[in-house]
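Commentary on secondary and tertiary structure
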Amino acid sequence: MSLITNRRDIDFLMYELLDLDQMLQTDRYEAYDREAISAILDTAQAIAEDKYLTCASELDANEPTFDGEKVSIMPEVGEALKAFADAGFFGASFDEDVGGAQLPGIVNFALAGFFSAANPGINSYAFLTIGAANMLNAVGSQEQKDKYLGPMLEGRWFGTMCLSEPQAGSSLSDIRTKATPTDEGHYLIEGSKMWISGGDHELAENIVEMVLAKIPGGPPGVRGISLFIVPKYRVNDDGSLGPKNDISLAGLNHKMGHRGTTNCLLNFGENGDCHGYLVGKPHEGLKSMFHMMNEARIGVGQGSVMSALTGFLYSLKYAGERSQGRHPQDKDPTKPQIPIIEHTDIKRLLMAQKAAVEGASALLFYCMDLVEQQKLTDDKNEQMRLALLLEILTPLAKSWPSEFCLEANKHAIQILGGYGYTREFPVERYYRDNRLNHIHEGTHAIHGLDLLGRKVSMHDGAALNLLMAEVQKTLAEVAGETSLKEYATALTGAVETLLDTTKTVKACENQNIQLANATIYLDAFGHVVVAWLWLRQAQVSVNALKTAEGDDVAFYQGKIAACRYFFRYELPKAVTQFHLVADLDQTCLDLVPEQLIGSNPF
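Residues numbered from 1 in each chain as written. Predicted model: local features only at pLDDT ≥ 70, side-chain atom pairs only at ≥ 80, totals over all residues. Heavy atoms only, no water.

1. A look at the pattern of salt bridges
Rules: The salt bridge criterion pairs a side-chain nitrogen of Lys or Arg with a carboxyl oxygen of Asp or Glu, the two atoms within 4 Å. Elements are defined by DSSP. Helices are runs of H or I of four residues or more, strands are runs of E of two residues or more, and each kind is numbered from the N terminus. Each residue gets one of three labels from its accessible area relative to the maximum for its type: buried under 20%, exposed over 50%, partly exposed in between, using a 1.4 Å probe on protein chains only.
Under the defined criterion, the tally for this structure stands at 32 salt bridges. A salt bridge links lysine 82 to aspartate 86; its shortest N-O distance comes to 2.8 Å. Separated by 4 residues within a single helix, lysine 82 and aspartate 86 lie in helix H5 (residues 75-86), roughly one turn from each other. Across the pair, aspartate 86 and lysine 82 agree in class, each one exposed. Between glutamate 372 and lysine 375 there is a salt bridge, with the nearest N and O atoms lying 3.2 Å from each other. Of this pair, glutamate 372 and lysine 375 both sit in helix H10 (residues 344-375), 3 residues apart, which is roughly one turn of that helix. What you see here is one network of salt bridges that share partners, running through Asp9, Lys354, Glu358 and Lys559.

Written as structure tokens, this is what we have:
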């Protein structure tokens, strides 16, 4: 049994839930078939297990160091990334005309998950590079793409994004980094950026920093933000590397998890000579950066799922091997102890992990399918429909796995008991790695504000209406299936509660009250969407069981059991949360600091 993937579930998502076979019939992907895709996934899994997984524990214990001059990282990190590059995975999903392999996006998403599961500390370097390259390909000039894109897709140059600053984390309107235009066509960048993953290291020949900064005289707040390419080494017209670009590493942050990825405080232009190159139009930097940020948000969701999957697989294996105790009705100490997987509460903890991991996986693969479907149609109305669905689902794709797959890692630790709390077993590391996903690419609360404050009402509620139409389509399809009636009825009620709550909250004119419980709304909304996707998985499984044989019987039965678990144990929580939100509860809004400890704590 692999400890980083369940290939059967990947096949289920790609071929049975999302019908990848139909996508492979299109001109865009006619070069691929099931056999070719299976071989690609085999290669990726082998590299992930041989190069990434084998050094995960050691890298966690020996994070990168900085001696004031350069960063030192275990050599295994560079070797793993070279294997990734040699396999062509940096450019796998890019179009052929820019040097990519034009691999279907959901297949690339699946293989990327192997590396995230095996070693997120190494995976981040590739993840950030691919995201920066995608953004450059979308909004960069042809000259910029000619100069930077090729080396990035070859894995010779890495990329990253520089948004946050010491005084401005998620509040980008408060950034101070400035970009002063020159007569030579470049800008002089001056300022500091904090929490920059992959911001400095010696793993690549160059690092392409994508930096948000403000041009003096521009509009205030986020409307005045511009985007710049700021390479670690300047690049000559012939593509060769020039001098270092006045970017200095002030220090590395020491993290709870993801310890293999450098996390940096970078100073730009300490000597007044840091060259930056405007990407897109002035003052439209945040719009451009969202090409990378939205991709990264889905990727963060995937990272959370994969950390939870590794915890699930490891704790499942452990539960089958570890013997302890006896059934409540059989306390005879002379009889052998039983594997802990025979205890009902251990089954509950395992099922909770399965429901979270596979439910979140379905959500993320569905989002990636929406991205792909936009590429495959020329119908502008259909493209808009798909884009709106992706818009409303993106905050859920990042946040729901980050919250509830983290809970899954907690359950994995619990299954191992005291051993799970020690470094001799990897589940505590999986939890520490996963804890970051709750924070970066927009903290959990920001996505609640985004969903309730903007996404559900944008375009007169068009995105919400489209999503609910998809849910209703599934409900109509399962209406005649007796075995799914209980779940269809429960989902129908939850959807009604969601819509009623949304209407009530949006009618409140006081925005502080309206958004006071936006995070609670986000979690409950995510539960409804994941319940819908569990119903879809159960629908496929019920039909497949009619002809299933061998191991597939247990696989499909497991899907239906997980659907039952989610609807009975999890979905009712969403209804309770919606009632709190609909009440416009002000318990937290009205709280003043003195009430926390009985005096002014500051």
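2. So, the pairing of strand E9 (residues 241-244)
What counts here: Strand pairing follows a simple DSSP-based rule, namely that at least 2 bridges must link the two strands.
Bridge count for strand E8 (residues 233-235) against E9 is 2 bridges, and the pairing is antiparallel. Bridging across to E9, tyrosine 233 finds its partner in lysine 244.

3. Considerations on the nonpolar core
Stated formally: Here, nonpolar core means buried Ala, Val, Leu, Ile, Met, Phe, Trp, Tyr and Cys residues that are tied together by side-chain atoms lying within 4.5 Å of each other. Contacts are residue-level and defined by heavy atoms, with any inter-residue pair within 4.5 Å sufficient.
The biggest cluster of nonpolar side chains holds 189 residues, and the ones touching the most others in it are Met14, Leu393, Leu491 and Phe525. No other element matches H10, which puts 17 residues into this core. Every residue in contact with phenylalanine 525, bar those within four places of it in the chain, is listed here: Ile392, Leu396, Leu451, Val456, Leu464, Leu467, Leu498 and Phe578.

4. A closer look at the packing of helix H15 (residues 485-506) against helix H17 (residues 518-544)
For any two helices packed against each other, one specifies the inter-axial angle together with the distance between the axes. Our working definition: Axis geometry follows a simple rule: fit a line to the C-alpha atoms, using only the stretch in contact for helices, then measure angles between N-to-C directions, giving values from 0 to 180 degrees. For this classification, under 35 degrees means roughly parallel, over 145 means roughly antiparallel, 65 to 115 means roughly perpendicular, and everything else is oblique. Take the far helix as the reference: if the near one is turned anticlockwise from it by less than a right angle, the crossing is left-handed, and if turned clockwise, right-handed.
Orientation of H15 relative to H17, taken along the N-to-C sense of each, is 150°, at an axis distance of 10 Å. Here H15 is positioned roughly antiparallel relative to H17, judged by the angle of their axes. In this structure, H15 meets H17 at a crossing whose hand is left-handed. Touching Tyr487, Ala488, Leu491, Ala494, Val495, Leu498, Thr501 and Thr502 of H15 are Tyr521, Phe525, Val528, Ala531, Trp532 and Leu535, all from H17.

5. A few points about the side chain of serine 304
The topology assignment puts serine 304 in helix H9 (residues 285-321). Judged by its relative accessible area of 0%, serine 304 is buried. Discounting chain neighbours no more than four positions away, the residues touching serine 304 are Pro401, Ser402, Cys405, Leu406, Asn434 and Asn437.

6. Comments concerning the domain arrangement of the protein chain
Selection rule: Domain delimitation follows an automatic or database domain assignment. Using a 1.4 Å probe, buried area is obtained as the accessible area two parts lose upon being combined, added over both of them.
Split by domain assignment, the protein chain resolves into domain 1 (7-282), domain 2 (284-442) and domain 3 (444-589). The centre of domain 1, based on its C-alpha atoms, is set 24 Å off from the matching centre of domain 2. Taken together, the contacts link 49 residues of domain 1 with 36 residues of domain 2. Summing both partners gives a buried area of about 3700 Å² for domain 1 against domain 2, and 70% of it is carried by carbon and sulfur. Area buried by domain 1 at its contact with domain 2 is led by Phe109, Met161 and Met256, which between them contribute 18% of it. At the boundary of domain 1 and domain 2, one finds 1 salt bridge.

7. Quick notes on a nonpolar patch on the surface
Rules: Like charges within 9 Å and nonpolar side chains (Val, Leu, Ile, Met, Phe, Trp, Tyr) within 5 Å are joined into patches, using only residues over 30% in relative accessible area that form no salt bridge. All accessible areas in this document rest on Shrake-Rupley with a 1.4 Å probe, and a residue is counted as covered only by the protein chains that are shown.
Together, Leu591, Leu596 and Ile597 give the surface a local cluster of nonpolar side chains, amounting to about 320 Å² of exposed area. Note on placement: isoleucine 597 falls in helix H19 (residues 594-597).

8. Quick look at the side chain of asparagine 263
Our working definition: Polar contact criterion, stated in full: a pair of N or O atoms within 3.5 Å, where within protein one must be able to donate a hydrogen and the other to accept it, and residues adjacent in sequence count only if both atoms are side-chain atoms.
Looking at the secondary structure, you find asparagine 263 in strand E11 (residues 263-268). Among the residues examined, asparagine 263 registers a relative accessible area of 7% and is labelled buried. A polar atom in the side chain of asparagine 263 sits 3.2 Å from the side chain of serine 197. In this structure asparagine 263 touches Trp195, Ile196, Ser197, Gly251, Leu252, Asn253 and Lys255, once residues within four positions along its chain are discounted.

9. Focus: helix H3 (residues 34-52)
Formally: Under the convention used throughout, the expected extent of a helix is 1.5 Å for every residue step, that is, one less than its residue count.
For H3, built from 19 residues, the straight-helix expectation of 27 Å at 1.5 Å per residue is met to within 8% by its first-to-last C-alpha distance of 26 Å. On its buried face, H3 sits against helix H1 (7-17), helix H2 (20-23), helix H4 (56-61), H5, helix H6 (105-118) and helix H7 (120-139). Where H3 begins, the side chain of aspartate 33 points an oxygen toward the backbone nitrogen of glutamate 35, at a separation of 3.2 Å.

10. Thoughts on unusual backbone geometry
Positioned with a positive phi, tryptophan 195 is a non-glycine residue whose angle comes to about 65°. Within the fold, tryptophan 195 resides in strand E5 (residues 187-197). Within the chain, aspartate 246 stands out as a residue other than glycine whose phi angle is a positive 55°. Along the chain, the position of aspartate 246 falls in the loop between E9 and strand E10 (247-252).

11. With respect to the packing of aromatic side chains
The geometry of an aromatic ring pair is captured by the separation of the ring centres together with the interplanar angle, meaning the angle of the planes. Which entries qualify depends on this criterion: Only Phe, Tyr and Trp rings take part, Trp by its six-membered ring, and two of them pair if their centres are within 6.5 Å. Stacked means planes under 30 degrees apart, edge-to-face means over 60, and tilted covers everything else.
Under the defined criterion, the tally for this structure stands at 22 aromatic pairs. Where phenylalanine 109 meets phenylalanine 365, the ring centres are 5.3 Å apart and the plane angle is 85°; that geometry is what we call edge-to-face. Within this pair, whereas phenylalanine 109 is found in helix H6, its partner phenylalanine 365 is found in helix H10, the two being separated by 256 residues in sequence. Each member of the pair, phenylalanine 109 as well as phenylalanine 365, carries the same accessibility label: buried. In this structure an aromatic cluster arises from ring pairing among Tyr52, Phe84, Phe89, Phe90, Phe115, Tyr125 and Phe158.

12. Some details on empty space enclosed by the protein
Where we set the bar: The method works on a 1 Å grid over the protein atoms by themselves. A cavity is a set of points holding a 1.4 Å probe that cannot get out, a pocket is an open set with protein on both sides within 12 Å along at least five of seven lines, and residues with an atom within 4 Å of a point line them. Grid points are joined across faces, edges and corners, and a volume is the space filled by probe spheres set on the points. As a working rule, the residues Ala, Val, Leu, Ile, Met, Phe, Trp, Tyr, Cys and Pro are called nonpolar, Asp, Glu, Lys and Arg charged, and the rest polar, with Gly in that last group.
Tallied over the full model, the rule gives 5 cavities of 30 Å³ or more. Of the voids in this model, the largest cavity is the one considered here, and its volume is about 190 Å³. Around the largest cavity sit 18 residues that line it, and Ile10, Met306, Leu309, Ser361 and Phe365 are the ones nearest its centre. Counting only elements with at least two residues in the lining of the largest cavity, the list comes to H1, H6, H9 and H10. In terms of residue class, the lining of the largest cavity is built from 11 nonpolar, 5 polar and 2 charged. Two domains each donate at least three residues to the lining of the largest cavity, and these are domain 1 (7-282) and domain 2 (284-442). Of the pockets and cavities examined, the second largest cavity occupies roughly 60 Å³. Lining the second largest cavity, in full, are Ala56, Leu59, Asp60, Asn119, Pro120, Gly121, His258, Arg259, Gly260, Arg429 and Asp433. Among the elements of the structure, H4, H7 and helix H12 (427-435) are those that each provide at least two residues to the lining of the second largest cavity. Here the residues of the lining of the second largest cavity are counted per class, giving 3 nonpolar, 4 polar and 4 charged.

13. A closer look at the packing of helix H14 (residues 458-477) against H17
Interaxial distance between H14 and H17 falls to 10 Å at its minimum, and their mutual angle equals 35°. When the axes of H14 and H17 are compared, the crossing they make is left-handed. Contacts between H14 and H17 involve Leu464, Leu467, Glu470, Val471, Thr474, Leu475 and Glu477 from the first element and Phe525, Val529, Trp532, Leu535, Arg536 and Gln539 from the second. Here the contact of H14 with H17 is built from residues that sort into 8 nonpolar, 2 polar and 3 charged.

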